[in-house]
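Given next are the chains, with one letter for each unit.
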Amino acid sequence: MSDALQVFVLGPGMITQLQVLPSLYHLQRQGVLGPITVAGTRATSLKALFDDAGHKRAFPGQSFTPVPDFRKHEPDAPDAYKAVLKKLPPRQCAVVCLPDQMHYPVIKELLLHDQHVLTVKPFVLTYKEAVELEGLARDRGLLVGIEYHKRFDDRALIARKRYRAGDFGEFKIGQAHLIEKYYYQHSNFQNWCTCENSDAFTYIGCHYVDLVAFVTGLLPVSVSVYSKPQPWPNGKMGYLWTDARVLWENGASLNVINGFGYPDDGPGGNTQGIVLHMDGPSGGGMMWHSDQFRGVKHGTLKQGGDPGDTAFMETNPDYFQLIWRGGEGLEPVGYGFRSIEYIAKAIARIERTTAGLSPKDALAKRKEMLAQYDCEGLMATPGNSSYNELVIEAGRLSITNGAREAVIEYGAEPYVRLK
Ligand SMILES: NC(=O)c1ccc[n+]([C@@H]2O[C@H](COP(=O)([O-])OP(=O)(O)OC[C@H]3O[C@@H](n4cnc5c(N)ncnc54)[C@H](O)[C@@H]3O)[C@@H](O)[C@H]2O)c1
């Protein structure tokens, strides 16, 4: 384990606790990854993550180094991560779990410090930023993997195989929805998901836009997003409910609705799914995925203590679960784990393959391997998924202009404009 990659997680929030850190712990247990450091801003959130009872049960004896270190009473500091970065040897595994608007400056800093990057979605918020970071990473031979975990759901891979083989026909029209629970309205979202920064489509709609591109290989060409702003509980105005229409290069259309108001007593963590209709020479094709209700209903004697927990649950066994598969502790299973595993192993593979080469040869080999990942397109990278940034930009342009259609112009220098 001594030459295993060091892991540097930035952001000890919800997604780190739920999916990212347990995945990293398991990869550490398997010897794929080495010591883990987690940087945050506040001792309280780092301590809560450090003491997480579920993690302790699943990964006995494993933990991380918190920065700032609450055990040494180090003061809260928003730039504590910078000191870690300075000392980190080049080409380790940096994991970005920060609020959306911090991704661009922090990932740039990580790349300038020669670190490989695994980042949660969205990569960045503008196409220009995506291109800049793509160039930076390519020149230095660094991998940037964007964690769109729906891509690692087997149903998406089955659909992709069928679509690419022509089994479905051509995508014509579709609908997707993802509505988060109502309690989100009272969470930290009200502080940042306000009209000037974001909206329900930007936050969560990107998953289904990326999925349609992933399955069909089509590019989105125009976006319009309708929403009537309303106040969050703290009075700040937000686009809490969005209705988006995304047009594709072949003329197909996808309607995506997003919001924050699935009933807290509802049995799923949210409600979500997608239906695509296809047209072929000899008949119609269809892809219908219920992504929240996956055929499992469990009723327990008591409900859990977290917001939105219910005693009667439609548990999703496919996204992320910690289960016993023999031995000590628990193992993560599901596409949430597989997605993190794929990116972390890709970074480890690149470093393993190029170890011992001269710096010049190692850089050339890393670039060759990165080009291969870009081309395969299983993992979202800046090089193969920047249509997502264009959709975010077009969506923001539309929603802030009364749902006017915003067009994506591809070509040498893609950009978005109001139609
Ligand atoms: N389905 C998905 O793919 C999915 C789901 C949830 C969140 N996300 C993404 O994950 C990211 C984080 O979301 P979250 O829900 O965990 O948010 P969160 O608010 O729970 O966590 C963000 C964390 O970043 C920390 N942070 C802020 N500034 C920092 C700094 N300077 N140094 C270190 N830490 C700092 C905050 O203290 C907080 O702990 C977002 O980009 C979000 O869009 C993706």
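Residues numbered from 1 in each chain as written. Predicted model: local features only at pLDDT ≥ 70, side-chain atom pairs only at ≥ 80, totals over all residues. Heavy atoms only, no water.

**What to know about the domain arrangement of the chain**
Selection rule: The split of the chain into domains comes from an automatic or database domain assignment. Any two residues whose heavy atoms approach within 4.5 Å are treated as being in contact. Accessible surface is computed with a 1.4 Å probe, and the buried area is the amount of it that two parts give up when combined, taken over both parts together. We define a salt bridge as a side-chain nitrogen of Lys or Arg found within 4 Å of a carboxyl oxygen belonging to Asp or Glu. Nitrogen and oxygen atoms within 3.5 Å of one another constitute a polar contact, given that in protein one can donate a hydrogen and the other can accept it, and given that sequence-neighbouring residues count only through two side-chain atoms. A run of DSSP states H or I qualifies as a helix once it reaches four residues; a run of E qualifies as a strand once it reaches two. Both are numbered from the N-terminal end. By the convention adopted, Pro, Cys, Tyr, Trp, Phe, Met, Ile, Leu, Val and Ala count as nonpolar, Lys, Arg, Asp and Glu as charged, and the other residues, Gly among them, as polar.
Here the chain is partitioned into domain 1 (5-149 + 328-384) and domain 2 (154-318 + 390-399). One C-alpha centre belongs to domain 1, the other to domain 2; they are set 25 Å apart. Listed per partner, the contact involves 17 residues of domain 1 and 16 residues of domain 2. Note on domain 1 versus domain 2: buried area summed over both sides is about 1,400 Å², and carbon and sulfur give 56% of it. Interface area lost by domain 1 to domain 2 is led by Lys-121, Tyr-148 and Tyr-335, which between them contribute 35%. Its salt-bridge partner being Asp-154, residue Arg-338 comes within 3.7 Å of it at the nearest N-O pair. Taken together, the connections running from domain 1 to domain 2 amount to three residue pairs in polar contact (both at pLDDT 80 or more). Elements supplying a minimum of two residues to the side of domain 1 that touches domain 2: α6 (127-140) and α10 (335-354). Each residue belonging to the side of domain 1 that touches domain 2 can be placed in one class, and the counts come to eight nonpolar, four polar and five charged.

**Some thoughts on the site of the ligand**
Applicable threshold: A molecule or strand has a residue near it when one of that residue's heavy atoms lies within 4 Å. Note on areas: Shrake-Rupley with a 1.4 Å probe; residue coverage comes only from the protein chains shown.
Taken together, 22 residues form the shell around the ligand, and within it Met-14, Ile-15, Pro-78, Leu-98 and Asp-100 come nearest. One nitrogen or oxygen atom from the side chain of Thr-41 is found 3.2 Å from an oxygen atom belonging to the ligand. At a separation of 3.1 Å, an oxygen atom of the ligand approaches a polar side-chain atom of Lys-121. A total of 850 Å² of accessible area belongs to the ligand in isolation, and the protein chains cover 85% of it. Where the shell around the ligand is concerned, the elements lending two or more residues are α1 (14-29) and α9 (200-216). Counted by class, the shell around the ligand contains twelve nonpolar, seven polar and three charged residues.

**Considering the packing of aromatic side chains**
To be explicit about the condition: Pairing of aromatic rings covers Phe, Tyr and the six-membered ring of Trp, with a centre-to-centre limit of 6.5 Å; geometry is then stacked below 30 degrees between planes, edge-to-face above 60, and tilted otherwise. A simple rule labels every residue: compare its accessible area, found with a 1.4 Å probe on the protein chains alone, to the largest value its type can have, and call it buried under 20%, exposed over 50%, or partly exposed in between.
Evaluated as defined, the whole model comprises 17 aromatic pairs. Ring geometry for Tyr-184 versus Phe-189: centroids 5.1 Å apart, planes at 45°, classification tilted. Judged by relative accessible area, which is 11%, Tyr-184 ranks as buried. Aromatic pair Tyr-342 and Tyr-373: ring centres 6.3 Å apart, planes at 85°, arrangement edge-to-face. With Tyr-342 in helix α10 and Tyr-373 in helix α11 (residues 359-376), the pair connects residues that are 31 residues apart, well separated along the chain.

**Quick word on the pattern of salt bridges**
Proximity of charged atoms lets side chains of opposite charge pair with each other. For the coordinates displayed, the defined rule picks out 23 salt bridges. Put simply, Arg-396 and Asp-199 hold a salt bridge, and the shortest N to O gap is 2.7 Å. In this pair, Arg-396 is assigned in helix α12 (residues 387-399) and Asp-199 in the loop between α8 (189-192) and α9, connecting sequence segments 197 residues apart. For the pair Arg-396 and Asp-199, one class covers both residues: buried. Among the charged side chains, a network of salt bridges with common partners joins Asp-153, Arg-155, Asp-291, Arg-294 and Asp-318.

**Some thoughts on the packing of α10 against α11**
We count it as follows: Angular values range over 0 to 180 degrees, each being the angle between N-to-C directions of two axes fitted as lines to C-alpha atoms, with helices fitted over their stretch in contact. Orientation categories follow fixed angle ranges, with anything under 35 degrees roughly parallel, anything over 145 roughly antiparallel, 65 to 115 roughly perpendicular, and all other angles oblique. Working rule for handedness: look at the near helix, and if it is turned counterclockwise from the far one by less than a right angle, call the crossing left-handed; if clockwise, right-handed.
For the pair α10 and α11, the least separation of the axes is 9 Å and the interaxial angle reads 150°. Comparing the axis directions of α10 and α11 gives the class roughly antiparallel. Where α10 crosses over α11, the two elements pack in a sense that is right-handed. Contacts from Tyr-342, Ala-346, Arg-349, Ile-350, Glu-351, Thr-353 and Thr-354 of α10 reach α11 at Ala-362, Lys-365, Arg-366, Met-369, Leu-370, Tyr-373 and Glu-376. Along the lines of polarity and charge, the residues of the contact of α10 with α11 split into seven nonpolar, two polar and five charged.

**Considering the environment of Thr-315**
With respect to the helices, strands and loops of the structure, Thr-315 is situated in the loop between β16 (312-313) and β17 (321-323). If near-sequence neighbours (up to four positions away) are discounted, Thr-315 is found in contact with Val-296, His-298 and Gln-321.

**Concerning the sheet that holds strand β6 (residues 144-147)**
Inclusion rule: Two strands pair if DSSP finds at least two bridges between them.
Spatial strand order, β3-β2-β1-β4-β5-β6: six strands in an open sheet with parallel pairing. This sheet does not close on itself; its edge strands, each paired only once, are β3 (65-67) and β6. Geometrically, the sheet is characterised by an average inter-axis angle of 20° between neighbouring strands, direction not taken into account. Note: strand β1 (residues 5-10) against strand β2 (residues 33-39), five bridges, orientation parallel. The partner of Val-7 across the bridge, within β2, is Ile-36.

**Considerations on the state of the cysteines**
Rule in force here: Only a pair of cysteine sulfur atoms within 2.5 Å counts as a disulfide in this structure description.
Using the criterion set out here, one finds zero disulfides in the structure. We note that Cys-195 lacks a disulfide partner, and the nearest cysteine sulfur, in Cys-193, lies 8.9 Å from it.

**So, the sheet that holds strand β11 (residues 241-248)**
Strand order in this open sheet of eight strands is β14-β13-β7-β12-β11-β8-β19-β20, and the pairing throughout is mixed. The open sheet has two free edges, formed respectively by β14 (283-290) and β20 (415-418), since each of these has just one partner strand. Across this sheet, the average inter-strand angle for adjacent strands is 15°, counted without regard to direction. Bridge analysis of strand β13 (residues 270-280) against β14 gives eight bridges, and the strand direction is antiparallel. Its bridge partner lying in β14, Leu-276 is registered against Met-287. Sitting on the sheet, α9 touches β7 (170-181), β8 (220-226), β11, β12 (253-262), β13 and β14, and the angle it makes with β12 is about 145°. Packing of α12 onto the sheet brings it into contact with β8, β11, β19 (406-409) and β20, and relative to β8 it is tilted by some 35°.

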